[in-house]
Each structure stands twice: as structure tokens, then as C-alpha cells.
Amino acid sequence: MGKSNKVCPVCGRKMKCQFHGLQHCKCGMSWKKDVGFFERTSDMVFTLERVKNEKKVKQRPAIRSKQEKPK
């Protein structure tokens, strides 16, 4: 198994990579590099944030919650 492949602690399947540093399993578990394993909820949104580092612009995975749209 490669270094980036994680095994789900709940069901034992290999997790799939969504973004670099963020992996998911079908059973609802996720793994993020700085957080570790956590369970997904329905209000979570996974995005890529743009971070400017001197001259380069890099993208990092971020977890946000859904906000209800005003009517």
C-alpha cells in the first residue's frame, strides 16, 4: 500500500483521495492530514482554499459548514 492510502477504522476498506491531504470512505468516515479521522455530517462542505505564499498560489483542502441562504 502506498503512503497516501489509509484504511478505514470502521469498515476496513481503503479510503479514496478527494483532495491532496483529504481522504474519504463510503461508510461516512474521513481523514484529513492535520485533523486525523472524523465522521462526516450532512452540513460539511469540502473545498480548496487558495493560499498565497510569497509569489506562488497554493490550494489547501478546507472543511466548511453549509450556510442557509437568506430568503
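Here, the structure is the one placed above.
Overview of the structure. Just so it is clear, the structure is predicted and the values come from calculations on it, not from any experiment.

1. Regarding the pattern of salt bridges
Okay, step 1: The full count for this structure, using the stated rule, is two salt bridges.
Okay, step 2: Taking the shortest distance from any N to any O, the salt bridge between Asp34 and Lys32 comes out at 3.9 Å.
Okay, step 3: Given the relative accessible area of 12%, Lys32 is considered buried.
Okay, step 4: Of the charged contacts in the structure, one is a salt bridge between Arg64 and Glu49, with a shortest N-O distance of 3.1 Å. Taken as a pair, Arg64 in strand 6 (residues 56-65) and Glu49 in strand 5 (residues 44-53) lie far apart in primary sequence, 15 residues in all.
Okay, step 5: We classify Arg64 as partly exposed; its relative accessible area is 47%.
Okay, step 6: The partly exposed category is assigned to Glu49, whose relative accessible area is 32%.

2. Regarding the sheet that holds strand 3 (residues 29-32)
Adjacent strands of a sheet form backbone hydrogen bonds with each other and so pair up, either parallel or antiparallel.
Okay, step 1: With antiparallel pairing, the four strands of this open sheet are ordered in space as 1-2-3-4. What marks the edges here is a single partner per strand, and that holds for strand 1 (16-19) and strand 4 (36-39). Sheet twist, expressed as the mean angle between neighbouring strand axes with direction ignored, is 30°.
Okay, step 2: Where strand 2 (residues 22-24) meets strand 3, three bridges bridge the pair, whose relative direction is antiparallel. The residue bridging His24 from the neighbouring strand is Ser30, located in strand 3.

Thresholds, definitions, all that
- Residues numbered from 1 in each chain as written.
- Predicted model: local features only at pLDDT ≥ 70, side-chain atom pairs only at ≥ 80, totals over all residues.
- Heavy atoms only, no water.
- Salt bridge = Lys/Arg side-chain N within 4 Å of Asp/Glu carboxyl O.
- Buried < 20%, exposed > 50% of the residue type's maximum accessible area, 1.4 Å probe, protein only.
- Helix = DSSP H or I, 4+ residues; strand = E, 2+ residues; numbered from the N terminus.
- Pairing = 2+ DSSP bridges.
- Axes fitted to C-alpha atoms, helices over the stretch in contact; angles between N-to-C directions.

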